[in-house]
Amino acid sequence: MVPLPREPRAALHRFLVWAPSATRSGLREAASAERLLLAGKTALAAGIAWALAQLMPGSLGEYPYYAPLGALVSMYPTVADSLRNGLQSLVGLALGIGVALFVGSFADTAAWSVALVVGVGMIVGGLPRMGSGREWVPLAALFVLVAGANRRDVFSLAYLVQMGLGVAVGLAVNWIVFPPLRVAAVTPAFARLRHALGDQLEDMAAAVTEDEWPPSRKEWATREGLLATTAAEVRGAVEEAEVSARANPRRKRHHRDLAADLADLQALERATFRVQDITDVLTSVIWEEHAGTRVPAELTPEVAAALLATAEALRGWGEEDAPEGLLDRAQEAIEALSGSYHEVAAREAPGDATGAISLALSRIVRMVRDRLDSREPEPGAPGPGLTPGPA
């Protein structure tokens, strides 16, 4: 047996290492509690739709299989998504039927007429805001056209009515049977980003106070992508919570101020940008000799103190104890840094990077304080948006 060349052997080894973990991950996702619940609700809705479709009078009952299909296409994890996609599918279906009836009014079923309805259906499906209904326009047009001139009107009406029945059943089942309310993920997502920003500031403080220069700590200089990814995860959690709360009857029992969550998210995103700016500035100070940026050695202890105090303030935001004291200490450390920087600048020592760091930290603290002031709870009530709701 001829041995495999080195590169194919390495590729095969990587595949054999990747395949089992990817398979386990896929199976866990497919068998997750939320997916199993969605599968159960979809099966229930399809069964109910089929049973009701049998009760349709006359020619409407000749095509009962479209009712469970309507239930299937309308079933999404959230009530809002089900409503939107179900209505879009019905709109696309109606437009497709219209295209087929128009073409059928002057053409028999033939290769060129089939091509025409599919082509026109694809164009009509490209209209704005069609969403999931865009695929239904050419599909419905094709089905109605090939039904034949004698059955086209009857089939079109039954098709639309049975699909509408299925969509209605799907919406009802999704609204009644444990509609998901994804607010529980918001609080831990905020905490992950706050702690990631705090860790970044803390590591930079440790780097600027190292005896060795340039410092041996370098990991913080390459975390820009990690911070951006963590911020994107928070945005995703807030947006999912907002979508899941729309038209959800459980929202009344598990109140959460999602508008305030969105404002907190925007403040945290701005704080992330500020931390990234500080990272860029310190990276330039440490490793770019000819960039013209520096932090005077006499100011590094105060830079580190301001970074550490701001890190603690970010970590404390959202905790049960109000972080007003942490914010006050951070503001004091930043003001001390700013005062020392102005003294150094008065002696015409180049310390421009220090000013940029001080300004960025001051804006972070101000953003956190503004958000805390806007979410001040009533006496005896928990702060809105800071207590996780049930999943």
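Residues numbered from 1 in each chain as written. Predicted model: local features only at pLDDT ≥ 70, side-chain atom pairs only at ≥ 80, totals over all residues. Heavy atoms only, no water.

Describing helix 9 (residues 224-245)
Right, on to step 1. With 22 residues, helix 9 extends 32 Å from end C-alpha to end C-alpha; this agrees with the ideal 32 Å at 1.5 Å per step.
Right, on to step 2. Along helix 9, the residues that are buried comprise Leu-227, Thr-230, Ala-231, Val-234, Ala-237, Val-238, Ala-241, Val-243, Ser-244 and Ala-245.
Right, on to step 3. In this structure, the buried side of helix 9 is in contact with helix 4 (79-104), helix 8 (186-208) and helix 10 (258-287).
Right, on to step 4. At the exit of helix 9 stands Ala-247, carrying a positive phi of roughly 55°. (Helix = DSSP H or I, 4+ residues; strand = E, 2+ residues; numbered from the N terminus. Expected span 1.5 Å × (residues − 1). Buried < 20%, exposed > 50% of the residue type's maximum accessible area, 1.4 Å probe, protein only. Contact = heavy atoms within 4.5 Å.)

Side note on the confidence of the model for the chain
Right, on to step 1. When pLDDT is averaged along the chain, the result is 83; 84% of the residues meet or exceed 70.
Right, on to step 2. The weakest mean pLDDT in the chain belongs to helix 1 (residues 6-30) at 65; the strongest belongs to helix 5 (residues 111-125) at 95.
Right, on to step 3. Contacts from residues 378-391, a stretch scored under 50 in pLDDT, to residues over four places away or in other chains number 30 contacts. (pLDDT = per-residue confidence, 0-100.)

Topic: the environment of Ala-360
Right, on to step 1. You can see Ala-360 is positioned in helix 13 (residues 352-374).
Right, on to step 2. Taking relative accessible area as the criterion, Ala-360 reaches 8% and is therefore assigned buried.
Right, on to step 3. On a C-alpha basis, the gap between Ala-360 and Phe-273 in space is 9.3 Å, while along the polypeptide they are 87 residues apart.
Right, on to step 4. With residues near it in sequence (within four places) discarded, Ala-360 still touches Arg-274 and Ile-278.

Some thoughts on helix 2 (residues 33-53)
Right, on to step 1. Between its first and last C-alpha, helix 2 extends 30 Å over 21 residues, near the 30 Å set by a 1.5 Å rise per residue.
Right, on to step 2. Restricting attention to buried positions, one finds in helix 2 the residues Leu-38, Lys-41, Thr-42, Ala-45, Ala-49 and Ala-53. Mapping the buried residues of helix 2 onto a view down its axis gives an arc of 105°, with all of them on the same face. Exposed and oriented more than 90 degrees from the buried face of helix 2 are Ala-33, Leu-36 and Ala-43.
Right, on to step 3. Buried residues belonging to helix 2 abut helix 3 (66-74) and helix 7 (152-176). (Arc of directions from axis to C-beta.)

Some remarks on the pattern of salt bridges
Oppositely charged side chains are able to pair whenever their charged atoms sit close together.
Right, on to step 1. A full pass over the atoms with the stated rule returns twelve salt bridges.
Right, on to step 2. Asp-81 serves as the salt-bridge partner of Arg-84, at 2.7 Å between the closest nitrogen and oxygen. Here Asp-81 and Arg-84 lie together in helix 4, a separation of three residues that amounts to about one turn.
Right, on to step 3. Judged by relative accessible area, which is 17%, Asp-81 ranks as buried.
Right, on to step 4. Across the pair Glu-269 and Arg-235 runs a salt bridge, and its minimum N-O distance is 2.7 Å. Of this pair, Glu-269 sits in helix 10 while Arg-235 is found in helix 9, placing the two residues 34 residues apart along the sequence. (Salt bridge = Lys/Arg side-chain N within 4 Å of Asp/Glu carboxyl O.)

Focus on the environment of Gly-355
Right, on to step 1. Mapping Gly-355 onto the fold places it in helix 13.
Right, on to step 2. When its relative accessible area of 19% is taken as the criterion, Gly-355 is described as buried.

Comments concerning a negative patch on the surface
Right, on to step 1. On the surface, Glu-224, Asp-277, Asp-280 and Glu-288 cluster together into a negatively charged patch.
Right, on to step 2. Mapped onto the elements of the fold, Glu-224 is located in helix 9.
Right, on to step 3. What makes Glu-224 partly exposed here is its relative accessible area of 44%. (Patch = residues over 30% accessible without salt bridge, like charges linked within 9 Å, V, L, I, M, F, W, Y side chains within 5 Å. Areas by Shrake-Rupley, 256 points an atom, 1.4 Å probe, with all protein chains shown as cover. Lys, Arg positive; Asp, Glu negative; His and termini not counted. Charge placed at Lys NZ, Arg CZ, Asp CG, Glu CD.)

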